[in-house]
Amino acid sequence: MFVVVLLIGILLAWAYRATRPPLPNICGSPWGPPITAPRIKLRDGRHLAYKEHGVPAKVAKYKIIYVHGLFTCRHGAVIAKNLPQELVEELGIYIVSYDRPGYGESDPDPKQTVKSLALDVEELADQLGLDSKFYVIAYSIGCHVVWGCLRLSGAALLAPIINYWWRGLPSNLSTEAYYKQLPQDQWTHRVAHYIPWLTYWWNTQKWFPALSAVPGNPNIFSRQDLEITSKKLGKQINKAHITQQGEFESIHRTIMVGFGNWEFSPIDLENPFPNNEGSVHLWQGDDDRIVAIPLQRFIAKKLPWIQYHELPGAGHFFAYSNEMSQVIIKTLLFGDN
């Protein structure tokens, strides 16, 4: 009997340790990485690191905040990197990219929600002295931030990730799209949604494969994506910098929030520009193996105020094309013409 109790105790102790993520390596702390980027202090005492691109904000005609995706940071502002300097100066474009909570040099936010992420963007705009209205360009799962932003002159969502549990999505479409994922991605998203406290364990255990995008599984990328990743993605960012404070408060936290229970559904949103004083554009490649295209089309149809651009033959990384970056910027600022 004693042996059984002992074994149960050992098993419970192991399970407790396995499911609890390590403490984050906070930037600027005695045990954490150094602070090298400019940062602002937010409403709750956290710090947000940022990077400025283009002309100075004081003289800029167009001011844009760029929101990065899952495996990148403020240094991965692909739109800013790809724009020719002469175009930036001619149009007077200022772009600021920032580290989302827990990424790069921004403090983690254990209380993170979609709405808190949107407030981070608005505070960044306020403290940098941007206009009361500004543009936002967001990529992949970073697009979740845009759904919660209100003070916009316009927005561009690039291959936005969809939460299969959003209220208002047709159950037949969302179920079909969900089961078209690789089994490991189905389980990763299922864990994040239903039992988020197991997210750390699921994404670090070695018994079953976790999120396919983490090891860069080629099965989830299109032909165009593979070409782009071989040429550009691996050369642009110091990967260790992205998760230097820990994968749980960056990658895992993003998955938990993105596929968790939202306070609202994008399907229910009303047109933020009823008088056509701004526009929202959604760009989607029709060969994207990460995003469910039928669900994206449904959202675009359900929200007719979104200008939907579907790109033939394009995958998830179409924005890394120099030409596409210019098209996205010009369309956002000046319309389709």
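The structure we're discussing is the one just above.
Residues numbered from 1 in each chain as written. Predicted model: local features only at pLDDT ≥ 70, side-chain atom pairs only at ≥ 80, totals over all residues. Heavy atoms only, no water.

Moving on: the overall build of the protein chain. The helix and strand inventory of the protein chain stands at 13 helices and 8 strands. Taking 337 residues into account, the globule formula puts the C-alpha radius of gyration at 20 Å, and the protein chain, at 20 Å, falls close to it. Based on the C-alpha atoms only, the size of the protein chain along its principal axes is roughly 80 × 50 × 40 Å. By residue count, 55% of the 337 residues in the protein chain fall in the buried class. Intrachain contacts of the protein chain at a sequence separation of at least 6 include 75% that bridge at least 24 residues. As presented, the protein chain carries roughly 15900 Å² of accessible surface, and 57% of it is formed by carbon and sulfur atoms. (Helix = DSSP H or I, 4+ residues; strand = E, 2+ residues; numbered from the N terminus. Rg over C-alpha atoms; globule rule 2.2 N^0.38 Å. Buried < 20%, exposed > 50% of the residue type's maximum accessible area, 1.4 Å probe, protein only. Contact = heavy atoms within 4.5 Å. Areas by Shrake-Rupley, 256 points an atom, 1.4 Å probe, with all protein chains shown as cover.)

Considering the arrangement of structural elements, one finds Thr188 in helix H7 (residues 183-194). For Thr188, a relative accessible area of 2% translates into the label buried. Looking at Thr188, its side chain comes within polar contact range of the main-chain oxygen of Gln184, at 2.8 Å. In this structure Thr188 touches Trp202, Asn203, Ala210, Leu211 and Ile255, once residues within four positions along its chain are discounted. (Polar contact = N/O pair within 3.5 Å; in protein donor to acceptor, adjacent residues only side chain to side chain.)

Evaluation of the coordinates by the stated rule reveals 19 aromatic pairs. Seen from their ring centres, Trp147 and Trp166 are 6.3 Å apart, and the 80° between their planes marks the pair as edge-to-face. A residue pair is termed long-range when its members are at least 10 positions apart, and Trp147 in helix H5 (residues 144-147) and Trp166 in the loop between strand S6 (152-158) and helix H6 (171-179) qualify at 19 residues. Overall, Trp147 belongs to the buried group, its relative accessible area being 7%. Residue Trp166 is classed as buried on the basis of its relative accessible area, which comes to 5%. What links up through ring pairs into an aromatic cluster is the set Tyr164, Trp165, Tyr178, Tyr179, Tyr194 and Phe259. Its end group placed over the ring of Trp187, Arg190 keeps NZ or CZ at 4.4 Å from the ring centre. (Phe/Tyr/Trp six-rings, centres within 6.5 Å; stacked < 30°, edge-to-face > 60°. Lys NZ or Arg CZ within 6 Å of the ring centre and 35° of its normal.)

A few words on the environment of Ala80. Mapping Ala80 onto the fold places it in helix H2 (residues 78-82). With relative accessibility at 17%, the residue Ala80 sits in the buried group. Along the backbone, Ala80 and Arg223 are 143 residues apart, and their C-alpha atoms lie at a distance of 24 Å. Residues contacting Ala80, with those up to four places away along its chain left out, are His53 and Ile95.

One can find Ala210 in the loop between helix H8 (199-204) and helix H9 (223-236). C-alpha of Ala210 to C-alpha of Phe273: the two residues are 63 residues apart in sequence and 40 Å apart in space. Among residues more than four places away in sequence, those in contact with Ala210 are Gln184, Asp185, Thr188, Trp202 and Asn203.

So, on to the sheet that holds strand S5 (residues 134-139). As summarised here, the arrangement of the 8 strands in space is S1-S2-S4-S3-S5-S6-S7-S8, forming an open sheet in which the pairing is mixed. Pairing within the sheet leaves two strands with one partner each, and these edge strands are strand S1 (39-41) and strand S8 (306-311). Strand-to-strand twist across the sheet, computed as the mean angle between neighbouring axes with direction ignored, equals 25°. Sheet contacts for helix H4 (residues 114-127): S1, strand S2 (47-54), strand S3 (62-67), strand S4 (93-98) and S5; angle to S1, the most-contacted strand, approximately 105°. (Pairing = 2+ DSSP bridges. Axes fitted to C-alpha atoms, helices over the stretch in contact; angles between N-to-C directions.)

On to a nonpolar patch on the surface. On the surface, Tyr194, Ile195 and Trp197 cluster together into a nonpolar patch covering about 370 Å² of accessible area. Relative to the helices and strands, Trp197 resides in the loop between H7 and H8. (Patch = residues over 30% accessible without salt bridge, like charges linked within 9 Å, V, L, I, M, F, W, Y side chains within 5 Å. Salt bridge = Lys/Arg side-chain N within 4 Å of Asp/Glu carboxyl O.)

Now for the pattern of salt bridges. A full pass over the atoms with the stated rule returns 14 salt bridges. Where Arg46 meets Asp120, a salt bridge forms, and the shortest distance between an N and an O atom there is 2.9 Å. Here Arg46, found in the loop between S1 and S2, pairs with Asp120, found in helix H4; they are 74 residues apart in sequence, far enough to count as distant. By relative accessible area, Arg46 is classed as buried at 7%. A salt bridge links Glu176 to Lys180; the shortest N-O distance between them is 3.6 Å. Judged by relative accessible area, Glu176 falls into the partly exposed class, the value being 45%.

So, on to H7. With 12 residues, H7 extends 16 Å from end C-alpha to end C-alpha; this agrees with the ideal 16 Å at 1.5 Å per step. With respect to burial, H7 is a largely interior element, 9 of its 12 residues being buried. Within H7 the residues assigned to the buried category are Gln184, Asp185, Gln186, Thr188, His189, Arg190, Val191, Ala192 and His193. In this fold, the buried residues of H7 make contact with H6, H8 and helix H11 (248-258). (Expected span 1.5 Å × (residues − 1).)

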